Each structure stands twice: as structure tokens, then as C-alpha cells.
Amino acid sequence: NAGVTQTPKFQVLKTGQSMTLQCAQDMNHEYMSWYRQDPGMGLRLIHYSVGAGITDQGEVPNGYNVSRSTTEDFPLRLLSAAPSQTSVYFCASSPRTGAPYEQYFGPGTRLTVT
Amino acid sequence: KQEVTQIPAALSVPEGENLVLNCSFTDSAIYNLQWFRQDPGKGLTSLLLIQSSQREQTSGRLNASLDKSSGRSTLYIAASQPGDSATYLCAVKGNTPLVFGKGTRLSVIA
């Protein structure tokens, strides 16, 4: 198993550009989520999904879009990048939600918006 | 709303010392608590997962305890080594998605 994979590792965008951060897992996990990590703020939840076709907002969803058309993939779309979205983004997955399962994290995508 | 606090924010100890990192949470209705390690510029590595029904978990030199009723967990690191230098994060899982503390940055000095 490759676990949770994220691409790209690094990305630089100009303000106003759009892009998609990719996240995939090969463990047949139902639950997937996106976090951003900023200095002094810790990890904050952006969006999450409890299964294919089901998504919900987390703590900081504005400016981001998600969809879950397959169990394996959970892409995060930045609609119009802003400097405030400069951050490190982590994707995570877990077998189920609402259950005592461990969460597995991807290696992260470091995004800079100029 | 669940809130997770980690104290201290930073800790520096000489090699060989035993140390304790603290984590507290406001809502005791949790399924589990997970401790992670994060090296600078890297992702999160899961260290220990404690279910709500458990009191402690051990892995090598690491021991994590959970007191759900008081909303506290500790991570005990025995005989610390320079390679233990990293940021340690705790996170709790309840009916809401995983909620993280801001972490404790540990430096072990040789």
C-alpha cells in the first residue's frame, strides 16, 4: 500500500489563479479530510468526506471546493488563490467515521501564493 | 466546541532525561486520542492511538495515558535522545472530525 499520497509537494501560485491539490489513498478508507497548517494556528480542518458523493465543511472552508466521486480520491480546489491561502496542506484518511480508528496523513503540499 | 491545548509550547531538555508532554481537551465525549510526531517541513507520523476505553498505550520508549473524565492525556518519553527532537501533536476524535492541539516543540540537547 502506498498509503495517502499528495501531489504536488510544492506549488507557487499568483493571486487569482486556481489549482487543484490531489489526494489519493489505496486503503479503501471511507473517511477523508483536508487540513491546513499555519504557524501558531495548528492544523485546521477545511473539508471532509464520509464517503463517495458526501462532503461537508470544516472550520475554514471559504475559498476551497471539494468533491468525492470515488472512494480513493479527494481533490481540493482553490477557486481564486489569495495570499492568505499560503500554507501547508495535509490530506488524511481513516477507515470509517464516528468510530475509533486511527487517521493516516499524507506528506503534505506546501503552497505559496504571491 | 472541542478545544485541545498542549502545554508547554516548547521544551528543551538534555539527552537522557525522561519527560512528559501534556494535552488537555474540553469535551470528554471522545472516541480516541492520537499522538503524532512532526519533523520540520515534514508530514505527521502517528505515534500512539488510545481508545476512549483505554487508560494507556506503550510503544518502545513512549507511553501515552488518557484520563477521559478529566480531559487529559500525557505522553511520556523515557531516556530522551537528540533524534526525539520534533513537534509533538495530540488530536482527539469525537463526533466531530479530528481536533488538534497546537503542539509542543521538543529539543533534546546532546
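Scroll up a little and you will see the structure.
As the structure is a prediction and not an experimental result, all values here were calculated from the model.

1. A word on the packing of aromatic side chains
Applying the stated rule across the entire model yields 7 aromatic pairs over all chains. Here Tyr35(A) and Phe105(A) contribute two aromatic rings whose centre-to-centre distance is 5.8 Å and whose plane-to-plane angle is 45°, an arrangement assigned as tilted. Here Phe105(A) lies in strand β10 (residues 104-105) and Tyr35(A) lies in strand β4 (residues 31-38), a separation of 70 residues in the sequence. Among the aromatic residues, ring-to-ring pairing joins Tyr35(A), Phe105(A), Phe36(B) and Phe100(B) into one connected group. It is Arg68(A) that lies over the ring of Phe74(A); its NZ or CZ is 6.0 Å from the centre.

2. Looking at the pattern of salt bridges
Evaluated as defined, the whole model comprises 5 salt bridges over all chains. With a shortest N-O distance of 2.8 Å, Asp84(B) and Arg61(B) are connected by a salt bridge. Pair noted here: Asp84(B) is in the loop between β8 (72-77) and β9 (86-93) and Arg61(B) is in the loop between β6 (56-59) and β7 (62-67), with a separation of 23 residues, a long-range link. The network of salt bridges with common partners includes Arg36(A), Asp38(A) and Arg44(A).

3. A closer look at the environment of Ala10(B)
All names here are of chain B. Relative to the elements of secondary structure, Ala 10 occurs in strand β2 (residues 10-14). Accessibility expressed as a relative area gives 41% for Ala 10, which makes it partly exposed. A C-alpha to C-alpha distance of 5.9 Å links Ala 10 and Leu 106, two positions 96 residues apart in sequence.

4. Section: the nonpolar core
By size, the foremost hydrophobic cluster in this structure holds 22 residues, and its most contacted members are Phe25(B), Leu33(B), Trp35(B), Leu75(B), Ile77(B), Tyr88(B) and Leu106(B). At the level of elements, β3 (19-25), β4 (32-38), β5 (44-51), β7, β8, β9 and β11 (104-109) of chain B are the ones that each hand at least two residues to this core. Those residues in contact with Ile77(B) that lie beyond four places of it in its chain are Glu17(B), Asn18(B), Leu19(B), Arg61(B), Leu62(B), Asp84(B), Tyr88(B) and Leu106(B). Counting residues in hydrophobic clusters, the runner-up holds 19 residues, among them Leu13(A), Met19(A), Val66(A) and Leu76(A).

5. Topic: the state of the cysteines
Using the criterion set out here, one finds 2 disulfides over all chains in the structure. Here Cys23(A) pairs with Cys91(A) through a disulfide, and the sulfurs are 1.8 Å apart. Across the S-S bond of Cys23(A) and Cys91(A) the torsion is about -70°, and the bridge reads as left-handed. With a gap of 68 residues between them, Cys23(A) in strand β3 (residues 19-25) and Cys91(A) in strand β9 (residues 87-94) connect regions that are remote in the sequence. The same class applies to Cys23(A) and to Cys91(A), which are both buried. Paired by a disulfide, Cys23(B) and Cys90(B) hold their sulfur atoms 1.9 Å apart. Judged by the sign of its S-S torsion, about 65°, the cystine formed by Cys23(B) and Cys90(B) is right-handed.

6. Description of the sheet that holds strand β1 (residues 4-7) of chain B
Residues and elements named next belong to chain B. Taking strand neighbours across the sheet as the criterion, the 5 strands line up as β1-β3-β8-β7-β6 in an open arrangement whose pairing is antiparallel. Of all strands in the sheet, those bounded by a partner on one side alone are β1 and β6. Neighbouring strand axes in the sheet, compared pairwise and without regard to direction, differ in orientation by 15° on average. Relative to β8, β7 runs antiparallel, the two sharing 6 bridges. For Asn 63, the partnering residue across the bridge sits in β8 and is Tyr 76.

7. Considerations on the interface of chain B and chain A
How big an interface is tends to be expressed through the accessible area that disappears when the partners come together. Contacts between chain B and chain A engage 19 residues on the former and 22 residues on the latter. Roughly 1500 Å² is buried in total at the junction of chain B and chain A, and carbon and sulfur atoms are behind 57% of that figure. Interface area lost by chain B to chain A is led by Leu44(B), Pro97(B) and Phe100(B), which between them contribute 28%. Connecting chain B to chain A are 0 salt bridges. At the surface where chain B touches chain A, the tally comes to 5 residue pairs in polar contact (both at pLDDT 80 or more). Of all the elements in the fold, those that place two or more residues in the side of chain B that touches chain A are β4, β5 and β9 of chain B.

Rules of the game
- Residues numbered from 1 in each chain as written.
- Chains lettered and ligands numbered in written order.
- Predicted model: local features only at pLDDT ≥ 70, side-chain atom pairs only at ≥ 80, totals over all residues.
- Heavy atoms only, no water.
- Phe/Tyr/Trp six-rings, centres within 6.5 Å; stacked < 30°, edge-to-face > 60°.
- Helix = DSSP H or I, 4+ residues; strand = E, 2+ residues; numbered from the N terminus.
- Lys NZ or Arg CZ within 6 Å of the ring centre and 35° of its normal.
- Salt bridge = Lys/Arg side-chain N within 4 Å of Asp/Glu carboxyl O.
- Buried < 20%, exposed > 50% of the residue type's maximum accessible area, 1.4 Å probe, protein only.
- Core = buried A, V, L, I, M, F, W, Y, C linked by side-chain atoms within 4.5 Å.
- Contact = heavy atoms within 4.5 Å.
- Disulfide = S-S within 2.5 Å.
- Pairing = 2+ DSSP bridges.
- Axes fitted to C-alpha atoms, helices over the stretch in contact; angles between N-to-C directions.
- Buried area = accessible area lost by both parts, 1.4 Å probe.
- Polar contact = N/O pair within 3.5 Å; in protein donor to acceptor, adjacent residues only side chain to side chain.

So far we have only geometry, and geometry alone does not tell us how the molecule works.
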